[in-house]
Amino acid sequence: MKLSVPGRAAGVVVAAVTLLTTGAITGAAPAPTAAAAAPDIPVANVKSHLAQLQSIATANGGNRAHGRTGYKASIDYVKAKLDAAGFTTTLQQFTSSGRTGYNLIADWPGGDANQVVMAGSHLDSVTAGPGINDNGSGSAAILETALAVSRAQYQPTKHLRFAWWGAEELGMVGSKYYVNNLSSANRAKISDYLNFDMIGSPNPGYFVYDDDPTIEKTFKDYFAGVGIATEPETEGDGRSDHSPFKNVGIPVGGLFSGADYIKTAAQATKWGGTSGQAFDRCYHASCDTASNIDDTALNRNADALAYAVWTLSS
Ligand code: DTR
Ligand code: ZN
Ligand code: ZN
């Protein structure tokens, strides 16, 4: 397990010098170490990103849809946070329906380049609204997890890559463009792709993708550890950005808190919430705003996300 890279070591030296000049410490600064376990992801931080995405939508015609100013402003917000945190970011541009779209790819320096653990979420909304649950929730959770990697100066065995997809709502256009433009050699390097599309639904379910057994078990182990029952997410094939990866043989998994399907009485008994009501009544609607989030579901899913990223990359 690699413990440091020159750039980061220099960072630690600067930090040590700063602390030494303030008299805060007397011994040598601790070397960066890999976190033994995933940190808690502060849900307040995730909510803060959602508030920013809401503000962006409000300032840009009420949405963050592909090809609109609200989407580019969303990408710029996420990219700025990642650049400041030490990620190597790449904007991948494409055209769909006559409008320019963008994928944002963020690599955490270090780790085995031949074993890449990816976590992705689509950042675009529908034109009808701000898309805070769909899919600000997934986008904000992977952003905060990436920032937690930076805060921890985590040095995993595998290489970590995070992605924010454009134009998912037009048919997974951005993620398809990314996969189609990967060489077969680079596809083979991706050991796991984790997808997070709607993970804060206001009447939440706890669904785990059942595509790859190892990834599925990783998530199920987390939820079992915190006493939350889960159900397999079975309707997702072709329904979100994991599909292009699965179609070329890359192991995929992910989490989902439900969209326009109706929560059953048995599910309400298991998870709470309201039976006979959709998991997200504002799915693809103008009311998918910052108030259209269940904080407990967002918190639990963000922590499960971080647990899987740490576990699968260590
Ligand atoms: N297609 C996604 C929402 C969605 C619907 N069913 C699933 C299953 C698994 C993941 C996501 C979804 C969207 O509207 O963005
Ligand atoms: Zn959607
Ligand atoms: Zn979505």
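Residues numbered from 1 in each chain as written. Chains lettered and ligands numbered in written order. Predicted model: local features only at pLDDT ≥ 70, side-chain atom pairs only at ≥ 80, totals over all residues. Heavy atoms only, no water.

Novice: Tell me what's going on with the coordination of the zinc ion (ligand 3), and back it up with residues and numbers.
Specialist: Within the protein, His-122 (NE2), Asp-134 (OD), Asp-197 (OD) and Asp-197 (OD) serve as the donor atoms for the zinc ion (ligand 3), at 2.0 to 2.6 Å. Each donor residue of the zinc ion (ligand 3) belongs to the same chain, and together they define the spacing H-x11-D-x62-D. Separating the zinc ion (ligand 3) from the zinc ion (ligand 2) is a gap of 3.6 Å, bridged by Asp-134, which donates to each. Here the residue His-122 occupies a position in strand S3 (residues 112–122), and Asp-134 occupies one in helix H4 (residues 132–152), the gap between them amounting to 12 residues. Taken individually, His-122 and Asp-134 each receive the classification buried, so the pair is uniform in this respect. (Donors = N, O, S within 2.8 Å, 3.2 Å for Na, K, Ca; no water. Helix = DSSP H or I, 4+ residues; strand = E, 2+ residues; numbered from the N terminus. Buried < 20%, exposed > 50% of the residue type's maximum accessible area, 1.4 Å probe, protein only.)

Novice: Explain H4 residue by residue, including any values.
Specialist: For H4, a buried count of 19 out of 21 residues is recorded, marking the element as mostly surrounded by other parts of the structure. Just downstream of H4 lies Gln-153, where phi reads positive at about 50°.

Novice: Just give me the short version of the pattern of salt bridges, but keep the residues and values in it.
Specialist: Enumeration according to the criterion identifies 9 salt bridges in this entry. The salt bridge partner of Asp-192 is Lys-158, with a shortest N-O separation of 3.8 Å. Here the residue Asp-192 occupies a position in strand S5 (residues 190–196), and Lys-158 occupies one in strand S4 (residues 158–165), the gap between them amounting to 34 residues. An identical accessibility class is assigned to Asp-192 and Lys-158; each is buried. With its nearest N and O atoms 2.5 Å apart, the salt bridge here joins Glu-231 to Lys-270. (Salt bridge = Lys/Arg side-chain N within 4 Å of Asp/Glu carboxyl O.)

Novice: Just give me the short version of unusual backbone geometry, but keep the residues and values in it.
Specialist: Apart from glycine, the bulk of residues carry a negative phi angle, and the bulk of peptide bonds sit in the trans form. With an omega dihedral of 5°, the bond running from Asp-134 to Asn-135 counts as a cis peptide bond. Secondary-structure assignment places Asn-135 in helix H4. Of note, Ala-167 is a non-glycine position whose phi angle comes to about 55°, a positive value. Notably, His-284 is not glycine yet its phi reads approximately 60°, a positive angle. Summarising the element assignment, His-284 is placed in the loop between helix H9 (265–271) and helix H10 (295–313). By relative accessible area, His-284 is classed as partly exposed at 30%.

Functional significance is not addressed by these values, which are geometric in nature.
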